[in-house]
Amino acid sequence: MDKYRSAFQQSLNDPATFWQDQSRRIAWYQAPASIMSTDDNGNARWFADGTLNTAYLALDYHVEEGRGDQLALIYDSPVTDTRATFTFTELRDRVASFAGVLVSLGVVKGDRVIIYLPMIPEAVIAMLACARIGAVHSVVFGGFAPRELASRIDDAEPKVLLTASCGIEVNNIIAYKPMVDEARRLASHQTWQCVVLQRPQCRAETGAFDHDWQDLDAAAEPQPPVAVGATDPLYILYTSGTTGKPKGVVRDHGGHAVALRYSMHAIYGALPGDVFWAASDVGWVVGHSYIVYAPLITGCTTVLFEGKPVRTPDASTFWRIIDTCKVNIFFTAPTAFRAIRKEDPEAALLASHDISSLRTLFVAGERTDPPTYHWLVEKLGVPVVDHWWQTETGWPICANPVGIDQMDNKAGSVAVPVPGFDVQVLGEDHLRMGVREEGDVVIRLPLPPGCLPTVWGNHERFREGYLSQHPGFYHTGDGGYIDEEGYLYIMGRTDDVINVAGHRLSTGELEEVVANHPAVAECAVIGIEDREKGQIPVALVLLKDGANITAEAMQQEIVSSVRRDIGAFANLKRILPVARLPKTRSGKILRRVMRCIADGRDYDPPATIDDPAILEELRTALINNNIGLIAEEHK
Ligand code: COA
Ligand code: AMP
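The written sequence of each chain sets the order in which its residues are numbered from 1. Chains carry letters and ligands carry numbers; both start at the beginning, A for chains and 1 for ligands, and go up in the order they are written. Given that the model is predicted, a residue must reach a pLDDT of at least 70 before its local features are reported, and side-chain atom pairs must reach 80 or more before they are shown or counted; all residues, however, enter totals for whole chains, interfaces and linings. To obtain the side-chain values, all non-hydrogen atoms of the structure were included, while hydrogens and water were left out.

1. Regarding the overall build of the protein
The way it works is that DSSP assigns letters per residue, a run of H or I at least four long becomes a helix, a run of E at least two long becomes a strand, and they are numbered from the N terminus. When helices and strands are tallied, the protein shows 19 helices and 31 strands. Every radius of gyration here is taken over C-alpha atoms, with the globule rule written as 2.2 Å times N^0.38, N being the number of residues. Relative to the 2.2 N^0.38 estimate, which gives 26 Å for 635 residues, the radius of gyration of the protein is 24 Å and therefore close to what a compact globule would have. Seen along its three principal axes, the alpha-carbon backbone of the protein occupies a region of about 70 × 60 × 60 Å. Relative accessibility under 20% of the residue-type maximum defines a buried residue, over 50% an exposed one, and the middle range a partly exposed one, all with a 1.4 Å probe and only protein chains included. Expressed as a percentage of its 635 residues, the buried residues of the protein come to 61%. The contact criterion used throughout is that any non-hydrogen atoms of two residues lie within 4.5 Å. A fraction of 69% describes how many contacts in the protein between residues 6 or more apart in sequence connect residues 24 or more apart. Note on areas: these come from Shrake-Rupley sampling with a 1.4 Å probe, and a residue is covered only by the protein chains present in the view. A total of about 23900 Å² of accessible surface is found on the protein, and carbon and sulfur atoms cover 48% of it.

Structure follows, in structure tokens:
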């Protein structure tokens, strides 16, 4: 652990020298003289006077360095039966051309562009084309419904929205364009043009605001990369907070490029020329950082996968891709392996594939349950690294940094703080907890490069949401503890954010939709443990007096309104009518206590509870309705 300890200590004791050294790993147009400074909001900013271009680092730089013929991107799409490859030169040319499309639509540096696309090469091309001209992209996950898309349109106020005629979910063709049209109807911001990529599986109808992707691309004037300031925004990525309104996490160019390049070396042990595969979606932070930017900035080949780990066509898809693409480093969410394990418990399908290229498997996005961890170690025979981070940080906070020192992995732990992150566990009194004592997991300020400097258009929300709980620290929203060897264990969110099959959602967002049902007087949505998805939401509802609806009809109506207003991936399938909701005397709903009951965990009922008898009522209702692990225990 010596090399790790010395890097970690230097990163905390002398962050400016540490990060100046790391900044030399990337090709700046103008190297920064200022390493750490403070902005008008009082936040630490990195490399403020440096200039660079992220798309140049990801593409042109490698062409200039003689890697032009190396594969930059492999697109593997079992759902369309397609495989395509792009060398660094080919991808650079496609990106330069599409940057010309954006310029032809009047997009200039600082303008926002929303990208609402499935997992196709055009999504990567569009992101890099924005970066090339200094436009700010905001990728919206294709599973989000029109209402969610509209709220992002209103917040980001884009000049252009890029979409495709459809996405493909196993065998279902999901038409995107009608959802974009519906989002336009719902949004207040109207002055955006829409570029539509027509896919062969379904043709979109176009109207007055719409342009054809291929037509514009054919006529486009290729654009060179422009120099942008290190603290200029590269992208906005909306994520769920504690309220219904998503937060626009802002990422800047300079700190992001340096942090990602460092992470590829220190955490993933990746070298230029390696094949790196993150099986996630470009709509999530994992997709931004480890499908697109980090592998390409490092000169790795990245794999873009359009499909599912099972059913496309079976549970061998991951093994086939590792084999055929010769993947060296693989990263995905544990929920994907739980799905594979369910279909193929003995991993028998692995036998027909050669996965010897694989050096390390990384998992993140949600807690890895020990049985899945041990299954992976046994079946794959490579180190399995569980690492922990979030949209806000943009890169891992805790990991086994295999590029610095290979440490032991422990089931259930996300290992040690990555250099740059001073992770601590604090109690309500802001004091450090002892070994193995649970508390709030926080990061001492300043945050290292790459982490969010603000929330788009709402710095107060940043201050309030992340800096107000423990003065001098960034509040991650996760609870956990540290063991005697300094390993961190994440025990789950302490706020109203839930994680459903690796998808982050806020219960507040779901409650807004549930509460809109005409028969519902009051409701609470809680995330309860689920063996396959990690967590699933359950809505507890109090019906209005005289509501004339059957439980089945109400369940059906609420489930379909969540699919319509948020998206099917929210997985809200269970609605439990209750006579009362447990509350404090001041009227605060006791969500954490309800979660503990559903999960069969111990809890201390707060002294301020209105009526303790409600908890027993709730427990019985969950058991009788077969909801949660508490019900399983009683089977
Ligand atoms: N567009 C439209 N619909 C989508 C969608 C998308 N991009 N993604 C999911 N959905 C739909 C699914 O089709 C499904 O619909 P259905 O109820 O009509 O069958 C529903 O949402 C539930 O989806 P999900 O819970 O994701 O289940 P799944 O079987 O489709 O996929 C996994 C299972 C494990 C493959 C998937 O959840 C996954 O990839 N999770 C990891 C997410 C991730 O990468 N997180 C980042 C951390 S690494
Ligand atoms: P997201 O911003 O969507 O990446 O979600 C971040 C949240 O997912 C974190 O705050 C954690 O609650 C959870 N998370 C991510 N990685 C892990 C992990 N390895 N173990 C436990 N929880 C995780």
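2. Some remarks on the packing of helix α1 (residues 2–13) against helix α2 (residues 15–23)
The convention used is that axes are lines fitted to C-alpha atoms, helices contributing only their stretch in contact, and that angles between N-to-C directions extend from 0 to 180 degrees. Here α1 crosses α2 at 115°, and the two axes come no closer than 5 Å. Taking contact as the criterion, the partners of Ala-7, Gln-10, Ser-11, Leu-12 and Asn-13 in α1 are, on α2, Pro-15, Thr-17, Phe-18 and Asp-21. Note that Gly is not counted as nonpolar here; it falls among the polar residues with everything else outside the nonpolar set of Ala, Val, Leu, Ile, Met, Phe, Trp, Tyr, Cys and Pro and the charged set of Asp, Glu, Lys and Arg. Grouping the constituent residues of the contact of α1 with α2 by class yields four nonpolar, four polar and one charged.

3. Focus on the pattern of salt bridges
A pair is scored as a salt bridge if a Lys or Arg side-chain nitrogen falls within 4 Å of a carboxyl oxygen belonging to Asp or Glu. The full count for this structure, using the stated rule, is 39 salt bridges. Put simply, Arg-132 and Asp-60 hold a salt bridge, and the shortest N to O gap is 2.9 Å. Of this pair, Arg-132 sits in helix α5 (residues 121–133) while Asp-60 sits in helix α3 (residues 54–67); the two residues are 72 residues apart in sequence, bridging distant segments of the chain. Taken as a pair, Arg-132 and Asp-60 share a single burial class, namely buried. The partner of Arg-436 in a salt bridge is Glu-484, with the nearest N and O atoms 3.0 Å apart. Remark: Glu-484 occurs in the loop between β25 (473–482) and β26 (488–493) and Arg-436 occurs in the loop between β23 (423–426) and β24 (439–444); sequence separation between them is 48 residues. Looking at Glu-484, the relative accessible area reads 53%, which means it is exposed. Connected through salt bridges with shared partners, the residues Asp-39, Arg-45 and Asp-252 form a single ionic network.

4. A word on the packing of aromatic side chains
Each pair of aromatic rings is reported with the distance of its centres and the angle of its planes. For Phe, Tyr and Trp, where Trp contributes only its six-membered ring, two rings pair if their centres lie within 6.5 Å, and the inter-plane angle classes them as stacked under 30 degrees, edge-to-face over 60, or tilted in between. This model, assessed by the stated rule, comprises 39 aromatic pairs. Counting every residue linked through ring pairs, the aromatic cluster contains Phe-18, Trp-19, Trp-28, Trp-46, Phe-47, Tyr-262, Trp-395 and Phe-421. Ring-over charges, as used throughout, are those where CZ of Arg or NZ of Lys falls within 6 Å of the ring centre and within 35 degrees of the ring normal. It is Lys-410 that lies over the ring of Tyr-487; its NZ or CZ is 4.2 Å from the centre. One Lys or Arg, Arg-436, reaches over the ring of Tyr-489 and ends 5.9 Å from the middle of that ring.

5. Re the side chain of Asp-111
With respect to the element layout, Asp-111 can be found in the loop between α4 (88–104) and β6 (112–116). We classify Asp-111 as buried; its relative accessible area is 15%. Identification of polar contacts relies on pairs of N or O atoms within 3.5 Å, with a donor-acceptor requirement for protein atoms, meaning one able to donate a hydrogen and the other able to accept it, and with residues adjacent in sequence counted only if both atoms are side-chain atoms. Polar contacts involving the side chain of Asp-111 include one to the main-chain amide nitrogen of Val-108, which spans 2.9 Å. Not counting the four nearest positions on each side in its chain, Asp-111 is found in contact with Gly-106, Ala-135, Val-136 and Lys-159.

6. Details of the sheet that holds strand β17 (residues 301–305)
Strands belonging to one sheet form pairs held by backbone hydrogen bonds; the direction of such a pair is parallel or antiparallel. For two strands to count as paired, DSSP must find a minimum of two bridges between them. The seven strands lie next to each other as β5-β4-β17-β16-β18-β19-β20, forming an open sheet whose pairing is mixed. The open sheet is flanked by β5 (82–87) and β20 (384–386), the only strands paired with a single partner. Taking the axes of each pair of neighbouring strands and ignoring which way they run, one obtains an average angle of 20° across the sheet. Relative to β17, strand β16 (residues 275–279) runs parallel, the two sharing two bridges. Counted as the bridge partner of Val-275 is Thr-301 from β17.

7. A short note on the nonpolar core
Side chains of nonpolar character tend, in soluble globular proteins, to be buried together. As used here, the term nonpolar core means buried Ala, Val, Leu, Ile, Met, Phe, Trp, Tyr and Cys residues forming a set that is joined through side-chain atoms within 4.5 Å. Leu-91, Leu-128, Leu-162, Tyr-268, Tyr-290, Tyr-293 and Trp-395 are the most contacted members of the largest nonpolar core, which has 119 residues in total. With 10 residues, α5 is the single largest residue contributor to this core. Ignoring anything within four residues of it in the chain, the contact list for Leu-162 reads Phe-98, Leu-102, Val-113, Ile-114, Ile-115, Tyr-116, Leu-117, Ala-126, Val-195 and Trp-213.

8. A few points about helix α14 (residues 459–467)
Inspection of α14 places His-459, Arg-461, Phe-462, Tyr-466 and Leu-467 among the buried residues, and these make up the whole buried set. Looking straight down α14, one finds that the buried residues subtend no more than 165° of arc, so they occupy a single side. The inward-facing, buried residues of α14 contact β15 (247–252) and β25. What the arc measures is the spread of directions leading from the helix axis to the C-beta atoms.

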